[in-house]
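These are the residues of each chain, in order.
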Amino acid sequence: MSNQRESGTVETTYREAIRAAIREAMLKDPRVFLMGEDVGRYGGCYAVSKGLYDEFGPERIRDTPLSESVFVGTGIGAALGGMRPIVEVMSVNFSLLCMDQIVNNAATIQHMSGGQFNIPLVIRMATGAGLQLAAQHSHSLEVLYAHIPGIRVVAPATLEDARGMLATALEDPDPVLIFEHAGLYNRPGQIAVDAGAVDIDRAVIRRKGEDVTLITYGGSLYKTLDAAAALAEQGIHAEVIDLRSLRPLDEATLLASVRRTQRAVVVDEGWRSGSLAAEVIARISEQAFYDLDAPLARVCSEEVPIPYAKHMEQAALPQTQTIINTVKMCFGDRND
Amino acid sequence: MTPMTPVSQAHALELLQGMVRIRRFEEKCAELYSAMKIRGFLHLYIGEEAIAVGVMQALRSEDSVAATYREHGHALARGLSMRSIMAEMYGKLEGCCRGRGGSMHLFDAATRFFGGSAIVAGGIPLSVGLALADKLQGRANVNACFFGEGAAAEGEFHESINLATLWKLPVLFLCENNRYAMGTALERSESETDIHLKAQSYGLKSEAVDGMDVIAVEQAAQRACDAIRNGEGPYFLEFTTYRFRPHSMFDPELYREKAEVHAWKEKDPITLFSQKLLVEGLIRDADIARIEANVQDEITVAVEYAEAGQWEAAEDLKRYVYSERGHHE
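Residues numbered from 1 in each chain as written. Chains lettered and ligands numbered in written order. Predicted model: local features only at pLDDT ≥ 70, side-chain atom pairs only at ≥ 80, totals over all residues. Heavy atoms only, no water.

Describing the domain arrangement of chain A
Residues and elements named next belong to chain A.
Here's step 1: Domain annotation for chain A reports domain 1 (9-192) and domain 2 (204-330).
Here's step 2: Computed from C-alpha atoms alone, the centre-to-centre distance between domain 1 and domain 2 is 26 Å.
Here's step 3: Facing the 32 residues of domain 1 at the interface are 27 residues of domain 2.
Here's step 4: Interface of domain 1 and domain 2: buried area, both sides summed, is about 2300 Å²; carbon and sulfur atoms make up 56% of it.
Here's step 5: On inspection of domain 1 and its partner domain 2, the count reaches two salt bridges.
Here's step 6: Two residues, D161 and R206, come together in a salt bridge whose shortest N-O distance is 3.0 Å.
Here's step 7: The interface formed by domain 1 and domain 2 holds 16 residue pairs in polar contact (both at pLDDT 80 or more) in total.
Here's step 8: Elements represented by at least two residues in the side of domain 1 that touches domain 2 include exactly α6 (142-146), β6 (152-154) and α7 (159-171).
Here's step 9: For the side of domain 1 that touches domain 2, the element with the most residues is α6, which contributes four residues. (Domains from an automatic or database assignment. Contact = heavy atoms within 4.5 Å. Buried area = accessible area lost by both parts, 1.4 Å probe. Salt bridge = Lys/Arg side-chain N within 4 Å of Asp/Glu carboxyl O. Polar contact = N/O pair within 3.5 Å; in protein donor to acceptor, adjacent residues only side chain to side chain. Helix = DSSP H or I, 4+ residues; strand = E, 2+ residues; numbered from the N terminus.)

Have a look at this one:
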């Protein structure tokens with residue numbers, strides 16, 4: 001992170017912001033270590049941990065065998081044993097191989113033990129499409145984890161959240177899953193020199209507006225902001241909410257906004273059926289139905305495994321234009 | 001002629017009482033199950049008591065233990081109070097897990113007893129992680145992990161042994177081979193039925209031990225713990241044993257012959273051990289009677305405690321899903 005400016009910001013990327021967060025946590029707390037496939041010598045599949053192996057050595061930047069279940073389970077055990085592990089799972093698709101450990105152990109042990117044990121574990125994984133990685137590396141399966149009581153699920157979309165969510169997650173006494181959108185790693189921007197921990201509880205309004213609420217998270221945030229900008233030129237002022245925490249959902253922020261705008265569209269890269277968007281819409285329907293002026297709507301991925309070919313992959317994903325069209329439908333516009 | 005029992009009278013009595021305690025406790029549990037005081041699944045350890053009792057002799061309070069859903073014996077032998085286990089079976093607030101775990105999920109922070117896992121092989125990685133925490137924090141503890149031979153069919157068994165051996169972690173792998181994974185015989189599910197050889201292929205020390213002989217179990221566990229504390233990495237013990245009772249209270253036992261069950265009952269670890277001690281003159285009939293009476297008293301107290309226990313308030317349902325802020329550091 002060079003090119004320091006007088007404004008007290010530095011140029012960085014989403015990837016570098018996460019790396020800085022890991023590094024800071026390692027320096028601050030000797031109980032913290034990073035473990036996962038190729039996080040060490042290789043530098044991380046998405047190069048997030050590049051350089052950390054040289055700085056901290058193999059004991060604290062631990063390359064694991066390709067054994068998702070045992071290295072996640074080992075993270076759970078190490079957390080029970082007094083450590084503060086950060087476990088990296090290469091992608092959410094691979095996390096299905098360790099879902100047993102996450103769902104049956106990490107999420108249950110506190111409850112099964114009547115509150116005797118807690119598991120201060122952080123699991124980071126990449127999610128999402130856009131890199132032409134096809135159907136076993138591109139899915140947005142975070143909703144599967146957002147379904148599970150006993151864990152917290154967060155999705156940083158901004159540089160500040162990439163930089164700041166990890167420290168707060170490590171302070172949390174319970175398991176926290178951090179979903180990093182693979183399409184964001186290269187995203188550049190300015191960040192405050194003293195950027196640090198941020199809350200992991202609240203949804204945040206990323207753009208103010210009074211006509212419609214657009215609710216999204218992770219990689220879809222920027223498409224949604226682009227859509228909001230385009231809509232503004234057409235006289236529709238959209239408020240954009242970044243969920244940030246997928247479990248628990250910050251209902252208060254969502255409902256306050258929707259009650260004001262009286263319209264909502266949810267943008268979610270997951271598949272429509274059983275999606276996080278479905279949950280958000282259900283909650284708005286349950287609690288703000290009589291405040292609504294239009295049916296709730298959502299923009300999700302097409303229900304196909306994500307294909308390789310670029311044009312096909314893009315056709316499967318939520319796009320800025322689809323968001324614009326969907327919003328206009330909320331105002332009775334049948335899209336020309 | 002088998003060698004003389006190489007332990008003191010006091011220790012022999014301790015081992016015998018440990019096994020009788022588990023046997024009688026579980027017989028009572030079966031009775032209470034029929035009386036509908038205990039519900040859910042109930043997996044009895046009867047026939048396998050020598051393993052939990054023998055292994056625990058080699059463990060210290062700072063060591064950790066993880067076990068399976070057939071873990072009443074391990075919990076008792078580890079030092080959880082019988083009354084807190086019984087109250088847990090009843091689903092009472094006074095249970096070791098406030099009634100939230102039940103028979104299959106006994107946990108106890110005070111004795112470092114980490115369950116009670118009902119996913120076959122799912123508890124093994126926890127011991128690997130506890131061992132990693134010990135290693136990273138410079139503690140020479142042993143992390144004991146019990147599982148059945150059915151676990152050898154699961155990936156987590158192999159992943160765990162590989163990782164623990166690769167990283168030289170202080171894990172004591174304890175395979176209780178009772179020959180049936182629920183109702184599936186070992187030879188019907190494994191191409192190589194010698195579990196200790198499978199483990200050995202990962203490059204750690206591995207032994208097969210007579211799991212019906214409490215002294216053999218204790219000695220093997222001591223050997224293994226010495227090696228682990230000495231920094232030699234993980235150790236694998238496979239105990240041959242047999243489950244005298246059905247898999248759970250719902251099992252009609254269609255998959256095994258009565259003659260086979262009978263033949264194994266001839267090797268009852270409690271009968272064999274007590275007869276040997278009697279023949280050697282190390283104990284007398286009166287000692288056995290006293291043990292039985294002590295255990296009976298303890299069970300009576302445990303049942304009374306569970307009966308008198310309270311139901312946790314339903315308003316507390318949502319507690320212990322997440323930590324209560326301020327409760328933990």
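Comments concerning helix α1 (residues 9-34) of chain B
Here's step 1: For α1(B), built from 26 residues, the straight-helix expectation of 38 Å at 1.5 Å per residue is met to within 8% by its first-to-last C-alpha distance of 37 Å.
Here's step 2: Following α1(B) by one or two positions, M36(B) adopts a phi angle in the positive range, close to 65 degrees. (Expected span 1.5 Å × (residues − 1).)

Overview of the interface of chain A and chain B
Here's step 1: The partner chain B presents 40 residues to the 45 residues of chain A that form the contact.
Here's step 2: Across the interface of chain A and chain B, roughly 3600 Å² is buried in total on both sides, 60% from carbon and sulfur atoms.
Here's step 3: In this assembly, chain A and chain B are joined by zero salt bridges.
Here's step 4: Inspection of the region where chain A meets chain B yields 19 residue pairs in polar contact (both at pLDDT 80 or more).
Here's step 5: Elements that contribute at least two residues to the side of chain A that touches chain B include exactly β2 (32-36), β3 (61-63), α3 (68-80), α4 (99-106) and α5 (109-112) of chain A.
Here's step 6: Considering every element that reaches the side of chain A that touches chain B, the biggest residue donor is α3(A), with nine residues.
Here's step 7: Here the side of chain A that touches chain B is composed, by residue class, of 15 nonpolar, 19 polar and 11 charged. (Nonpolar A, V, L, I, M, F, W, Y, C, P; charged D, E, K, R; others polar.)

A closer look at the sheet that holds strand β14 (residues 297-301) of chain A
Residue and element names in this part refer to chain A.
Here's step 1: If you trace the five strands from one edge of the open sheet to the other, you get β9-β11-β10-β13-β14, paired in mixed fashion. For this open sheet the edge positions go to β9 (204-207) and β14, each flanked by a neighbour on one side alone. Each strand of the sheet is rotated relative to its neighbour by a mean of 25 degrees, with strand direction disregarded. (Pairing = 2+ DSSP bridges. Axes fitted to C-alpha atoms, helices over the stretch in contact; angles between N-to-C directions.)

Considerations on helix α5 (residues 124-136) of chain B
Residue and element names in this part refer to chain B.
Here's step 1: With 13 residues, α5 extends 19 Å between its outermost C-alpha atoms, agreeing within 8% with the 18 Å of an ideal straight helix rising 1.5 Å per residue.
Here's step 2: Burial runs high along α5: 11 of the 13 residues are buried.
Here's step 3: Considered for burial, the residues of α5 that qualify are I124, P125, L126, S127, V128, G129, L130, A131, L132, A133 and D134.
Here's step 4: Among the residues trailing α5, G138 stands out with phi positive, at a value near 70 degrees. (Buried < 20%, exposed > 50% of the residue type's maximum accessible area, 1.4 Å probe, protein only.)

Points about the pairing of strand β8 (residues 235-240) of chain B
Residues and elements named next belong to chain B.
Here's step 1: For β8, the tally of buried residues reaches five of six residues, placing the bulk of the element in the interior.
Here's step 2: Relative to β8, strand β4 (residues 171-177) is paired through six bridges, and the arrangement is parallel. For F173, the partnering residue across the bridge sits in β8 and is F236.
Here's step 3: One ladder, built from six bridges, connects strand β7 (residues 205-210) with β8; its direction is parallel.

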